[in-house]
Amino acid sequence: MPDPRTALLVFALVAGVLLLVAWPRRGLVARVRRLRRLTERVRLEDALKHLYHATAAGGLATADGLAGALQVPRARALDLLARLEARGLARADGAGVALTDEGRAYALRLVRTHRLLEHFLADRTGVQPAEWHDLAEEREHEMTGAQVEALAARLGQPRYDPHGDPIPTATGELPAHDGVPLSALAAGEGGTIVHIEDEPREVFERLQREGLALGQLLVVRELAGSAVEVEVEGRVLTLPRVIAPAVTVVRRPAERTMSPRTLAALRPGETGRVARLSAACHGAQRRRLLDLGVVPGTDVTAEFASAAGDPVAYRVRGALVALRRQQAAWIELEPAGAPPREAA
Amino acid sequence: MTAATACRTCAPGREEALVQLGVSTGRWDYLVALAGNPNTGKSTVFNALTGLRQHTGNWPGKTVTRAEGVFASHGRRVKLVDLPGTYSLQAGSTDEEVARDFILFGRPDVTVVVLDATRLERNLNLALQVLEITDRVVICLNLMDEARRHGIAVDPVALGRELGVPVVATSARRGEGVDALRQAIHDVATGAVQPRPFRVTRHDPAVEALVGEVREAVEAAFPGLPNARWVALRLLNADERVEEAVRSGELARLAGLAAPATAAATVPAGTPADGAAVLAAASAARWKLQPDFHDRLTQGIYGAAERITRAVQLTGLRRARFDLDRTLDRLLTSRVTGFPVMLLLLGVVFWLTIAGANVPSALLADLLIDRVHPLLRAAAAGLPWWLGGILVDGVYLATAWVVSVMLPPMAIFFPLFTLLEDFGYLPRVAFNLDALFRRAGAHGKQALTMCMGFGCNAAGVVATRIIDSPRERLVAILTNNFSLCNGRWPTQILVASVFLGSLVPAAFAGLVSAGAVVGITLLGVAAMFASSWLLTRTVLRGEATSFSLELPPYRPPRLLQTLYTSLVDRTLIVLWRAVVFAAPAGAVIWLVGNVRAGGASLAEHLVGWLDPLGVLIGLNGVILLAYVVAIPANEIVIPTVLMLTVLTQGVAGVGAGAGVMFELESAAQVGELLRGAGWTALTGLNLMLFSLLHNPCSTTIYTIYRETGSVKWTVVSVLLPLALGFTATFLVAQAWRIAAGG
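Rules of the game
- Residues numbered from 1 in each chain as written.
- Chains lettered and ligands numbered in written order.
- Predicted model: local features only at pLDDT ≥ 70, side-chain atom pairs only at ≥ 80, totals over all residues.
- Heavy atoms only, no water.
- Helix = DSSP H or I, 4+ residues; strand = E, 2+ residues; numbered from the N terminus.
- Rg over C-alpha atoms; globule rule 2.2 N^0.38 Å.
- Buried < 20%, exposed > 50% of the residue type's maximum accessible area, 1.4 Å probe, protein only.
- Contact = heavy atoms within 4.5 Å.
- Areas by Shrake-Rupley, 256 points an atom, 1.4 Å probe, with all protein chains shown as cover.
- Buried area = accessible area lost by both parts, 1.4 Å probe.
- Salt bridge = Lys/Arg side-chain N within 4 Å of Asp/Glu carboxyl O.
- Polar contact = N/O pair within 3.5 Å; in protein donor to acceptor, adjacent residues only side chain to side chain.
- Pairing = 2+ DSSP bridges.
- Core = buried A, V, L, I, M, F, W, Y, C linked by side-chain atoms within 4.5 Å.
- Axes fitted to C-alpha atoms, helices over the stretch in contact; angles between N-to-C directions.
- Parallel < 35°, antiparallel > 145°, perpendicular 65-115°, else oblique.
- Left-handed = near helix turned anticlockwise from the far one by under 90°.
- Nonpolar A, V, L, I, M, F, W, Y, C, P; charged D, E, K, R; others polar.
- Domains from an automatic or database assignment.
- Phe/Tyr/Trp six-rings, centres within 6.5 Å; stacked < 30°, edge-to-face > 60°.
- Lys NZ or Arg CZ within 6 Å of the ring centre and 35° of its normal.

(A) Region of interest: the overall build of chain B. When its secondary structure is counted, chain B shows 31 helices and twelve strands. Its C-alpha atoms give chain B a radius of gyration of 30 Å, within 12% of the compact-globule value 27 Å for 742 residues. Taken over the C-alpha atoms alone, chain B extends approximately 90 × 60 × 50 Å along its principal axes. For chain B, the residues scored as buried account for 55% of the 742 residues in total. Nonlocal contacts in chain B, meaning residues at least 24 apart in sequence, comprise 75% of its contacts between residues at least 6 apart. In the form shown here, chain B has an accessible surface area of approximately 29500 Å², with 63% of it arising from carbon and sulfur atoms.

(B) Region of the structure containing the interface of chain A and chain B. With 54 residues of chain A at the interface, the matching set in chain B holds 65 residues. Interface area for chain A against chain B, summed over the two sides, is near 5100 Å², with a carbon-plus-sulfur share of 58%. Viewed at the interface, chain B and chain A are joined by seven salt bridges. When the shortest N-O distance is used, the salt bridge between Arg317 of chain A and Glu306 of chain B registers 3.1 Å. Taken together, the connections running from chain A to chain B amount to 22 residue pairs in polar contact (both at pLDDT 80 or more). Elements supplying a minimum of two residues to the side of chain A that touches chain B: helix 1 (4-22), helix 8 (145-155), helix 10 (283-291), strand 10 (299-305), strand 11 (312-316) and strand 12 (319-323) of chain A. By residue number, the principal contributor to the side of chain A that touches chain B is helix 10 of chain A, which donates seven residues. Note that strand 12 of chain A and strand 10 (residues 549-550) of chain B share two bridges and pair antiparallel. Residue pairing across strands places Ala322 of chain A opposite Leu549 of chain B, the latter belonging to strand 10 of chain B.

(C) Region of the structure containing unusual backbone geometry. Omega for the bond connecting Asp310 of chain A with Pro311 of chain A falls within 30 degrees of zero, at 5°, which places this linkage in the cis form. Mapping Pro311 of chain A onto the fold places it in the loop between strand 10 and strand 11. Not every positive phi belongs to a glycine, and Leu143 of chain B is a case in point at roughly 60°. Examined against the element boundaries, Leu143 of chain B turns out to sit in the loop between strand 6 (137-142) and helix 6 (144-149). When its relative accessible area of 5% is taken as the criterion, Leu143 of chain B is described as buried.

(D) Layout of the environment of Ala127 of chain B. All names here are of chain B. Along the polypeptide, Ala127 turns up in helix 5 (residues 120-133). Of the residues examined, Ala127 reaches a relative accessible area of 0% and is grouped as buried. Leaving out residues up to four positions away in the same chain, Ala127 has contacts with Val113, Leu115 and Ile139.

(E) Seen up close, the nonpolar core. Residues and elements named next belong to chain B. Within the largest apolar cluster, 118 residues are counted, with the highest numbers of intra-cluster contacts made by Met406, Cys456, Ile636 and Met688. Among the elements that line this core, the one with the most residues is helix 17 (residues 385-423), at 15 residues. Within the second largest apolar cluster, 97 residues are counted, among which are Leu115, Leu120, Val137 and Leu254.

(F) Just the pairing of strand 1 (residues 30-36) of chain B, in detail. Residue and element names in this part refer to chain B. In terms of burial, strand 1 is largely enclosed, as seven of its seven residues are buried. Neither face of strand 1 is exposed, since Tyr30, Val32, Leu34 and Gly36 on one face and Leu31, Ala33 and Ala35 on the opposite face are all buried. Pairing analysis gives five bridges linking strand 1 to strand 4 (residues 76-82), with the strands arranged parallel. Among the inter-strand pairings, Leu31 is bridged to a residue of strand 4, identified as Lys79. Of the pairings in the sheet, the one linking strand 1 to strand 5 (residues 110-116) comprises five bridges and is parallel in character. Bridged to Val32 within strand 5 is Val110.

(G) Up close: the packing of helix 9 (residues 205-221) of chain B against helix 10 (residues 228-236) of chain B. Residues and elements named next belong to chain B. At a minimum axis separation of 8 Å, helix 9 and helix 10 run at an interaxial angle of 115°. Of the possible angle classes, the one that applies to helix 9 and helix 10 is roughly perpendicular. For helix 9 against helix 10, the interelement crossing comes out right-handed. Contact with helix 9, carried on its side by Glu208, Leu210, Val211, Val214, Arg215, Val218 and Glu219, involves Ala228, Arg229, Val231, Ala232, Leu233, Leu235 and Leu236 of helix 10 and no other residues of that element. Taken together, the residues that form the contact of helix 9 with helix 10 break down as ten nonpolar, no polar and four charged.

(H) Structural view of the domain arrangement of chain A. Splitting chain A by domain gives domain 1 (28-99), domain 2 (180-256) and domain 3 (263-333). Placing the centre of domain 1 of chain A and that of domain 2 of chain A at their C-alpha centroids yields a distance of 31 Å.

(I) Molecular detail of the packing of aromatic side chains. If you walk through the whole model with that rule in mind, you get 13 aromatic pairs over all chains. For the ring pair Phe11 of chain A and Phe730 of chain B, a centre distance of 4.9 Å and an interplane angle of 35° mean the geometry is tilted. Here Phe730 of chain B lies in helix 31 (residues 711-740) and Phe11 of chain A lies in helix 1, a pairing that spans two chains. Arranged with centres 5.8 Å apart and planes meeting at 20°, the rings of Phe499 of chain B and Trp679 of chain B form a pair that is stacked. Placement of the pair is Phe499 of chain B in helix 22 (residues 489-500) and Trp679 of chain B in the loop between helix 28 (667-676) and helix 29 (681-692), with a sequence separation of 180 residues. Of the two residues examined, Phe499 of chain B and Trp679 of chain B, each falls in the buried class. Between the NZ or CZ atom of Lys712 of chain B and the centre of the ring of Trp713 of chain B, over which it lies, the distance is 4.5 Å.

(J) Expanded view of the sheet that holds strand 12 of chain A. With antiparallel pairing, six strands are arranged side by side in an open sheet as 13(A)-9(A)-10(A)-11(A)-12(A)-10(B). Strand pairing shows two members of the sheet lacking a second neighbour, strand 13 (331-333) of chain A together with strand 10 of chain B, which therefore form its edges.

(K) Local environment of helix 8 of chain A. Taken together, the buried positions of helix 8 of chain A are Val148, Leu151, Ala152, Ala153 and Leu155 of chain A. If you follow the buried residues of helix 8 of chain A, they end up packed against helix 6 (101-124) of chain A together with helix 11 (240-248) of chain B. Phi for Gly156 of chain A, located one or two positions after helix 8 of chain A, is positive at around 80°.

(L) Quick peek at the pairing of strand 10 of chain A. Residues and elements named next belong to chain A. When strand 9 (residues 271-277) meets strand 10, the two strands line up antiparallel, connected through three bridges. Bridge assignment links Arg273 to a residue of strand 10, and that residue is Asp299. Between strand 10 and strand 11, which pair antiparallel and follow one another directly, the connecting turn spans six residues, one of which, Gly309, has a positive phi of 95°.

(M) Geometry of the pattern of salt bridges. Residues and elements named next belong to chain B. Taken as a whole and judged by the stated rule, the model has 51 salt bridges over all chains. The partner of Arg100 in a salt bridge is Asp101, and the shortest N-O contact between them spans 3.1 Å. Here Arg100 falls in the buried class, since its relative accessible area comes to 1%. Relative accessible area serves as the criterion here: at 10%, Asp101 is assigned to the buried category. The partner of Arg215 in a salt bridge is Glu219, and the shortest N-O contact between them spans 3.5 Å. Within this pair, Arg215 and its partner Glu219 are both found in helix 9, separated by four residues, close to a single helical turn.

Right, dumping it as structure tokens:
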């Protein structure tokens, strides 16, 4: 029988090694897999996508820009560009680099795959929003054309990804996308959020944490120095000016953006009428709420709370349904005192 | 009866579709599907129509149960297929897919939609969707007695006028209206009644315009298709299955079936060009859709449901009774009384199970093991010694043990639990505990499956079907093993009283050992929460999740019905599976004790090899071997341990021979035997820990495989508790030894 202290020591060592190797993102196995994935083709495709994004907005793509985006030395970036040129996917254009037609088509296919994957992750899985982009980045290189089309069919040929970016069709068309950065709105102006920039990741996470999501209506209250104060879904947020351009909005009349009450605000015995389901509620969760009858125009009464306070039982369309506080916060109500609806 | 004459209204193509859906096509005249929301008494209607002539199975390729039955009506045989309870047919989940596929492609002669009269408006969502797919519908307005009790009156005649199909009011559990239902089914099946169903058409104008475009394309390509509008809606939603049907010509065949039969009827072939045109039109229309198309559709359906309900329903007719439900809810979910009542009720259930099962278990053991076993041994005297040994001492003995330990507690626990379920209380338990489970990433209903697991883990795993969110269901399945099942209680109680109770003065022994067992149980609950939390943050991170919990109205439970369902559905079926696994285990145990090699039995060799590992984690080789061979059933661990101890120690005069499991009369005797073999308090404690934290029994493993359909998750369910068990026993052993001196 081995000495207990030695046994514990060995156990601790083995456990430590296992953790080092198998830890989800930073472990040895994960790192090795990431490195192996970064084959030549993947690198070229990443470069191609960068060129597309850089030139899409009318800007210039340079080797330095590429080096920064892919986090590689300048020499490597130049090398990648040379290879792209050799394959006829890019060409020199003045001070920078431009895509050839073939290169553009290839890049659009990649963008399509990426955004379809993000839509899949948002609609059919429970993966956290902050991880959509990275996961899509990984998988987009592994899918064949047939797989991509099959995925698009399964998802119902979506037009926009969960960030609001348009998804190119199989033939390379892009649906229209009109909007202005949040920074372009003046105080008192309002708009619907149509896009939230997914890179850099920290910015996206910050916006996520503030509870911003596509489809929300917001009003700019005040522009003060380095911050923008907005009101969205009844809450007031302060965003640093630098990250305001990451949010794109389509201008809407300001008075329509006030919707302070959600179901979570109802106390037992109170009734409210559903105005809309927040866009932050997506995928299977949204479909379930709709199936239960939580649609605009429905009267919902809070009946009683559970012994622990959460969830709360609501009467919806004659049935008693328990909803968690988080779900109740997704259900926006019409302002109290709205006139009764006409019988249909 | 050949398939041709059996299926009179069939046309070519339907038979293949039916075979694919798993329905056999012989020996029935009409096919009827039974659809409805969950919790509408649909299974009561099913039972009322078919009696005992039914059998359950799974839908092909899916882990969704399905019941089929037959009944006679006006001299014809009618086959009834029970579809899964669903809120809608939008095909967002497997249940909905199954139901939708059957109604669309199986083309039942009649679809019966069961509605709950106490929740009419919500139930109409499904009814209206079914009416969009098929004309031949009968509405069964069930739970009329409950509606009366709640002061709700629904006019079935008015409802029939609104919906355009026959409506039959029933109280299936009382047998009221069942004959009228049969008549209505017969009328619609034979064509005596031609329903003119109401279709929801007042969606908002933008939606209607697009639907019209696609519908025209569908009608042009497939003239005669009765549900062109519904097909158009599904294509706009990019429904994969419907698209495939258009592409492959399946929909064309359906259109051919719908067209009136003429003398020279030929099925119009859906050429690829037709299908492509339709898909192109749908694709173009979809491009113009607003993103909230699905929302608006549902809104339209509910708008119609609301209007219809207002026209046919009166409420508030009887205030007094309605308040009973409210009072009950207040009592069972309030901050003050909610938890105490819950603990009290669950405590009573457990106490009744343990106390009530003692005597029957002892009686069964006495009968099967003390009396029948020697008789069988005598009867097997004529057989070769090894055959008799395997069959009588191995297979029979193991099976007898499992039955005598497993059956009485389950026969008490499951009916009690089912009574609470029928009454409507169990969802309130999930409601109260959800906040706690949500923090661990799980669903409140996991409290219920956890409780079922205390009866039997296999039953607990099957019970997870009540959780319809994929991620939460997997968590419940993978952690169910941490509920200390019935088969492990005897081990825990025995070991606690022998090894832990003896550490304290006799006056406190009983208290200490009971406390130890309770402690282990609570540890299991803690392990369940901890592993749920871990799983949802690692391997289950990406699984889809959608929480919903409906609180059905309280209903007086039906005692006899409950006893029958819980005994047959739960107890006997689980027992059968356990016996199937225990029998071979018995054979293995006997063989291990009797096959000799190199001068010692196989058991002694294996014990020798396993001993070093065993001692390292505070157990010993005997225990490890017992757990290996007793994977099939936890009930036979202690008898196997005793047998192996006697075998390896060469103790004379105890037991019933090599390879034969046995039990001793008193705990004191057990203690003497085991201590003589070198067992200490540490061994006892770690055995209790390991008994809690080890792989599930093979019945449960098999059930997990059937429910998840995945080898990966089954492997996780085995390795997770095993890893925890080894780690826990290892750490405790080292700590104990360090503390004990050295």
